[in-house]
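# An overview of the molecular structure
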Amino acid sequence: MTAKTILCRAQQAAVGLGGRFLRWPRPVCITGPGSLRRLPALLREAGVKKPLIVASRRQLADPSFAAVAEGLGEYVTFSDVPANPPVETVEAVAALYRRSGCDGFVAIGGGSPMDAAKAAAARIARPDRTVAQMGGLMKVGRTIPPFIAVPTTAGTGSETTMAAVVTGADHHKYALGDLHLIPRYAILDPALTVSLPPDITAQTGMDALTHAVEAYCNRFYNTNQTRRLAEAAAADIFRYLPIACENGADLEAREKLLTASFHAGCAFTRAGVGNVHAIAHTLGGLYGVGHGLANAVLLPVVLRDYGAAVTPRLSRLAQCAGIRGGAAGFVDAIFAMNEKLGIPRGFSCIREEDIPRMTAWADAEANPAYPVPVIYDRARFAQIIRQIRQE
Ligand SMILES: [Fe+2]
């Protein structure tokens, strides 16, 4: 064991112990087809008179939103959040919030609008700190305005997590992680996800699977509850993701995936993600690769690389998901699902000259923050990146 591994493990053990004494809030969850209609009542309950609604133009024009807009009274909208949202977007959201005299946030969309709005809410709570200064763990430290998250993809879990991932200078993605960033309410309305095309359904679903599996394989931070949530999420994603990709209108599959994504989010906000996410963030930041797509490609490659260190955990997950062949069968099943869902084996955008920067970022993100089953050094990160680099 290297000195670096010993230091990382000592810090993770201490953080894991400290985590047992924290209060981990969960959003109040409203579920079911049509549950978006509860939005005006929830805003009233939270005392919000003028929310800032962060959502795409398409979402704001959707009949599902038009149906609730009448009951909202006064509100302001922001709809210019790009994928992998940059800090400038966060600042623009926060500036609009202040300028308009808003008193609460509603984020409707995938991870990008939710994370941009969460980071903006952090800026409102901490006008004395820049977004970059709040990067890392527990740097917000103050209550944010009332926040309602409405996911329209079943993947990021941002509606229940303490994380907001943003892209800073030099294309570097990093996360703000603070218990104050856990939304107060989450509306899980499967009707909002039925129009998602199969490729986005597949990629976001694989993001959720990655959350469940990375959290489950991590050391120190898991509890019985996070393990149960991750097991249930993994089993449901294996069962329902192919169904939802084949028939997007299958409301039962959509609802199961939304719940699985929420549960995987609950698991990883406590137990952490791992090396898959650390590398995926470099692909998103540098090349704009979709977060779920990057995770989908990396997940089976990294799990295979972990080898014996994850055998018992993956065997258990395989059992929960009804997959034969133990840990190896589980990894094979991920490769097979990727293939079935049209997810590639690698990326041609990765440039050899970028690999040192990518490994430095991944190393800085994962170590010591993520209690991964195997601690990677830069050389091992590079090995994984080269395995998914296609000519
Ligand atoms: Fe993720």
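Since the structure is predicted, the reported quantities are computational estimates derived from the model, not experimental observations.

Conventions used here
Residues numbered from 1 in each chain as written. Predicted model: local features only at pLDDT ≥ 70, side-chain atom pairs only at ≥ 80, totals over all residues. Heavy atoms only, no water. Helix = DSSP H or I, 4+ residues; strand = E, 2+ residues; numbered from the N terminus. Expected span 1.5 Å × (residues − 1). Buried < 20%, exposed > 50% of the residue type's maximum accessible area, 1.4 Å probe, protein only. Contact = heavy atoms within 4.5 Å. Phe/Tyr/Trp six-rings, centres within 6.5 Å; stacked < 30°, edge-to-face > 60°. Lys NZ or Arg CZ within 6 Å of the ring centre and 35° of its normal. Donors = N, O, S within 2.8 Å, 3.2 Å for Na, K, Ca; no water. Pairing = 2+ DSSP bridges.

All right, on to unusual backbone geometry then. Cis geometry marks the peptide bond from Asn367 to Pro368, where omega comes out at 5 degrees. Mapped onto the fold, Pro368 is located in the loop between helix H14 (355–366) and helix H15 (378–387). Notably, Asn84 is not glycine yet its phi reads approximately 50 degrees, a positive angle. Position of Asn84 relative to the elements: it lies in the loop between strand E3 (76–78) and helix H5 (87–100).

Attention now goes to H14. For H14, which comprises 12 residues, the first-to-last C-alpha distance of 16 Å matches the rise-based estimate of 16 Å (1.5 Å per residue) to within 8%. Of the residues making up H14, those classed as buried are Ile355, Met358, Thr359, Trp361, Ala362, Asp363, Glu365 and Ala366. Contacts made by the buried residues of H14 are with helix H1 (3–19), strand E8 (173–177), helix H10 (275–287) and H15.

Taken as a whole, this structure holds 6 aromatic pairs when the rule is applied. Measuring from ring centre to ring centre gives 4.5 Å for Tyr97 and Phe105, while their planes differ by 10 degrees; the resulting arrangement is stacked. As far as the burial class goes, Tyr97 and Phe105 line up, both buried. Following the ring pairs from residue to residue traces out a cluster consisting of Tyr97, Phe105 and Phe147. The ring of Tyr216 has Arg313 lying over it, and the distance from NZ or CZ to the ring centre is 6.0 Å.

Next up on the list: the coordination of the iron ion. Protein coordination of the iron ion is provided by Asp207 (OD), His211 (NE2), His277 (NE2) and His291 (NE2), with donor distances spanning 2.1 to 2.3 Å. Each donor residue of the iron ion belongs to the same chain, with the gaps between them written as D-x3-H-x65-H-x13-H. With His211 in helix H7 (residues 198–217) and His277 in helix H10, this pair connects stretches of sequence that are 66 residues apart. Here His211 matches His277 in class, with each residue buried.

Here we take up the pairing of strand E9 (residues 185–188). Alternating positions in E9 separate into two faces, Tyr185 and Ile187 on one and Ala186 and Leu188 on the other, with burial throughout. As paired strands, strand E1 (residues 28–31) and E9 are joined by 4 bridges and run parallel to one another. The residue bridging Thr31 from the neighbouring strand is Leu188, located in E9. Judged from the 2 bridges that link them, strand E6 (residues 147–151) and E9 form a sheet pairing that is parallel. The partner of Ile148 across the bridge, within E9, is Tyr185.

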